[in-house]
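Structural overview
Given next are the chains, with one letter for each unit.
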Amino acid sequence: MYYMPYPNAKMRFTMVGLILALLIISCAEESELERTKRLANDGDAFSQYNLGYKYYKGAGVPQDYMEAVKWYRMSANQGDVLAQSKLGFMYDSGAGVPQDYKEAVKWYRISAEQGYAKAQSKLGLMYDNGTGVPQNYKEAVKWYRMSADQGDADAQYNLGFMYDNGTGVPQDYKKAVKWYRMSADQGQVQAQTNLGFMYANGTGVPQDYKEAIKWYSMSAEQGESLAQYNLGLMYANGAGVPQDYKKAIKWYRMSADQGDADAQYNLGFMYDNGTGVPQDYKKAVKWYRMSADQGQVQAQTNLGFMYANGTGVPQDYKEAFAWFSLAKAIGNEIAKDNLDILRRK
């Protein structure tokens, strides 16, 4: 006699196996956490660091910055460079402890002097900004370079920026490009933006709009607002790409939504003139105002013009006078001329 196999037998076996596998994984996760806790309590520095990191991230335990600081400190006091750097970061950001830049510098330095690249980069930034230490650009460059030579992307960007601006080192655009490129190749968005700018302007490299577009695009797609603005500008002007006002609008809007004042002004200008979008004076006023509130002088001037002429807003000479006055104070000649016209009315 032949028997038909039970149709769900294989499925039932698979489901049992799956449940067992999940239970095993769950137990393994629990045992890993318990093992980390046990070793940390026994004084193992690396486990103390790992446990601190779990509390910092809320990985398998409730997120608790104070508990993270406790374990980072225990590990740091045993000389663990990662824990020392992380403890510096906690003081730097005021997470789990009162913010204390001097204490942050102390821990960054202890870690940095043992060669940890992230701590060297952070210590360079503290000297660069004069945070917790007297501002010292040469000292900043020293620490940036030590970190950059180990491949830290943020340090490479910052070192490039120092060469770009001649801060703490003689200005050298070629060296700036070198360090920006090393950082940009690792995906650092500010380095990608600045490298794009160097190509767009022919600074330290031959001018190359297509190369500029390449780097702006890489950064803009990661959400960097300045790159989005610059990419919008390239599309608006047809530099390195066919002129495309709709794409310009797209990138201006993404940047403007993040608060970039120049992008807000340009977006307002596009609505004002019906370029790439249907003409809409009310939207123009909206974007001019957002930009003007941040001190963008062209936006202040144009917003004054909209009030003076009653375009997109009710005509209001007092409001126009106020915006023209703000723009004039920054040195805008058009605003000065418009003020003279208003005074004669």
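So, how was this worked out
Residues numbered from 1 in each chain as written. Predicted model: local features only at pLDDT ≥ 70, side-chain atom pairs only at ≥ 80, totals over all residues. Heavy atoms only, no water. Phe/Tyr/Trp six-rings, centres within 6.5 Å; stacked < 30°, edge-to-face > 60°. Helix = DSSP H or I, 4+ residues; strand = E, 2+ residues; numbered from the N terminus. Buried < 20%, exposed > 50% of the residue type's maximum accessible area, 1.4 Å probe, protein only. Contact = heavy atoms within 4.5 Å. Polar contact = N/O pair within 3.5 Å; in protein donor to acceptor, adjacent residues only side chain to side chain. Expected span 1.5 Å × (residues − 1). Axes fitted to C-alpha atoms, helices over the stretch in contact; angles between N-to-C directions. Left-handed = near helix turned anticlockwise from the far one by under 90°. Nonpolar A, V, L, I, M, F, W, Y, C, P; charged D, E, K, R; others polar. Parallel < 35°, antiparallel > 145°, perpendicular 65-115°, else oblique.

**Topic: the packing of aromatic side chains**
Enumeration over the complete set of coordinates arrives at ten aromatic pairs. Measuring from centroid to centroid gives 6.1 Å for Y265 and F269, while their planes differ by 40 degrees, and the two rings are tilted. On the criterion of helical spacing, the pair formed by Y265 and F269 is a turn pair, its members being four residues apart in helix α14 (residues 261–273). Overall, the relative accessible area of 10% leaves Y265 in the buried class. The class for F269 is partly exposed, based on a relative accessible area of 36%. Each residue in the set F46, Y49, Y53 and Y72 is aromatic and connected to the rest through ring pairs, giving one cluster.

**Considerations on the environment of S47**
Structurally, the position occupied by S47 is in helix α2 (residues 45–57). Given the relative accessible area of 7%, S47 is considered buried. Apart from residues no more than four positions distant in its own chain, S47 is found in contact with T36, L39 and A40. Separated by 2.8 Å, the side chains of S47 and D44 make a polar contact.

**Brief notes about helix α7 (residues 137–148)**
Taking 1.5 Å of rise per residue, twelve residues should cover 16 Å, and α7 covers 16 Å from first to last C-alpha, within 8% of that figure. Those residues of α7 that sit buried are E139, A140, V141, W143, Y144, S147 and A148. Contacts from the buried residues of α7 go to α5 (101–112), α6 (117–129), α8 (153–165) and α9 (173–184). For α7, the side-chain oxygen to backbone nitrogen distance between the N-cap and K138 is 3.2 Å, and the N-cap itself is N136.

**Observations regarding the environment of G259**
Mapped onto the secondary structure, G259 falls in the loop between α13 (245–256) and α14. Judged by relative accessible area, which is 26%, G259 ranks as partly exposed. For the pair formed by G259 and Q294, sequence separation is 35 residues and the distance between their alpha carbons is 9.0 Å. Excluding residues that lie within four positions of it along the chain, G259 makes contacts with Q264 and Q294.

**Describing the packing of α6 against α8**
The relative placement of two packed helices is expressed as an angle between their axes plus a distance between the axes. Here α6 crosses α8 at 35 degrees, and the two axes come no closer than 9 Å. Here α6 and α8 pass one another in a crossing that is left-handed. Contact residues: K118, S121, L125 and D128 in α6; D154, A155, N158 and M162 in α8. Taken together, the residues of the contact of α6 with α8 break down into three nonpolar, two polar and three charged.

**Here we look at α9**
Spanning twelve residues, α9 covers 16 Å between terminal C-alpha atoms, matching the ideal 16 Å at 1.5 Å per step. The inward-facing, buried residues of α9 contact α7, α8, α10 (189–201) and α11 (209–220). In this structure D172 caps α9, since a side-chain oxygen of it lies 3.2 Å from the backbone nitrogen of K174.

**Thoughts on the packing of helix α3 (residues 65–76) against helix α4 (residues 81–93)**
It is the contact of α3 with α4, at a shortest axis distance of 8 Å, that shows an interaxial angle of 140 degrees. Relative to α4, the element α3 lies oblique. Relative to α4, the crossing made by α3 is left-handed. Residues Y65, A68, V69, Y72, R73, S75 and A76 of α3 pack against A83, Q84, K86, L87, M90 and Y91 of α4. Partitioned by chemical class, the residues of the contact of α3 with α4 number nine nonpolar, two polar and two charged.

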